[in-house]
Every structure is written in structure tokens, then in C-alpha cells.
Amino acid sequence: MEQVRAHIIVDGRVQGVFFRATARDVARRLGVTGWVKNRWDGKVELVVEGEKKAVEKMLRWCHKGPSGAVVTNVDVKWEPFKGEFGSFSIRY
């Protein structure tokens, strides 16, 4: 089972629409670890680690987000797996 890490930046109307809380719920359901936070520039940033298929599902979710979101762009950088997280959390 291949373990991967993705660093994701989501652009669009993604703040104030429960993006972080929903991302946390989706991540926990998929069994991936990492974090999500709002950025100063209006984007949302995530680091997601786990089994490749689960991380890919999380990435697909990021392209649509929760019901109130309007995602205009998703930028992903694949990084070496570090296994540094015990869960998936919201960073403030």
C-alpha cells in the first residue's frame, strides 16, 4: 500500500463556507491525516497524507468542496511521505 503526501492550495469562494470543517470530516472518513487552514489571501491550504487512493479521493473532493463553495482552482504538489500526523486537524 503506497503512502503519499499532497500539499494542496484551493482557490475560489472557499472561506466562510465550512470548507475546513467539511474537509476535516471527509479526511477522517477517508482515513487520511494532515491539516487544513485558511490563508491570508482567501485560499485554503491543506497537507494530506495517507494511502494513495484515499489521498486522491480527498484531492477530488477539494475540486468541489462543500455545498457553499465555488472552487476555481486547485494546485497540488506531491511531496515525500513523512508520516508526521496522528490525525487530521484544522489549523488556525
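Please refer to the structure placed before this passage.
Overview of the structure. Keep in mind it's a predicted model, so treat the numbers as computed, not measured.

### Here we look at the environment of V14
Then comes step 1: Relative to the elements of secondary structure, V14 occurs in the loop between β1 (3-13) and α1 (19-30).
Then comes step 2: Residues V14 and T72, 58 residues apart in the sequence, show an inter-C-alpha distance of 9.3 Å.
Then comes step 3: Excluding anything up to four places from it in sequence, V14 contacts F19, G42, K43, V44, V70 and V71.

### Section: the sheet that holds strand β4 (residues 70-79)
Then comes step 1: Ordered in space as β4-β1-β3-β2-β5, the 5 strands form an open sheet in which the pairing is mixed. The open sheet is flanked by β4 and β5 (88-90), the only strands paired with a single partner. In this sheet, neighbouring strand axes are inclined to one another by 20 degrees on average, regardless of whether the strands run parallel or antiparallel.
Then comes step 2: Both β1 and β4 contribute to a ladder of 9 bridges, which runs antiparallel.

### Some thoughts on α1
Then comes step 1: For α1, with 12 residues, the first-to-last C-alpha span of 16 Å sits near the 16 Å given by 1.5 Å per residue.
Then comes step 2: Among the residues of α1, F19, A23, V26 and A27 are the ones counted as buried. An end-on view of α1 places all buried positions within 100 degrees of arc, on one side of the element. Pointing more than 90 degrees away from the buried face of α1 are the exposed residues R28 and R29.
Then comes step 3: If you follow the buried residues of α1, they end up packed against β1, β2 (33-38), β3 (44-51), α2 (52-62), β4 and β5.
Then comes step 4: Count one or two residues on from α1 and you reach G31, which has phi positive near 80 degrees.

Conventions used here
Residues numbered from 1 in each chain as written. Predicted model: local features only at pLDDT ≥ 70, side-chain atom pairs only at ≥ 80, totals over all residues. Heavy atoms only, no water. Helix = DSSP H or I, 4+ residues; strand = E, 2+ residues; numbered from the N terminus. Contact = heavy atoms within 4.5 Å. Pairing = 2+ DSSP bridges. Axes fitted to C-alpha atoms, helices over the stretch in contact; angles between N-to-C directions. Expected span 1.5 Å × (residues − 1). Buried < 20%, exposed > 50% of the residue type's maximum accessible area, 1.4 Å probe, protein only. Arc of directions from axis to C-beta.

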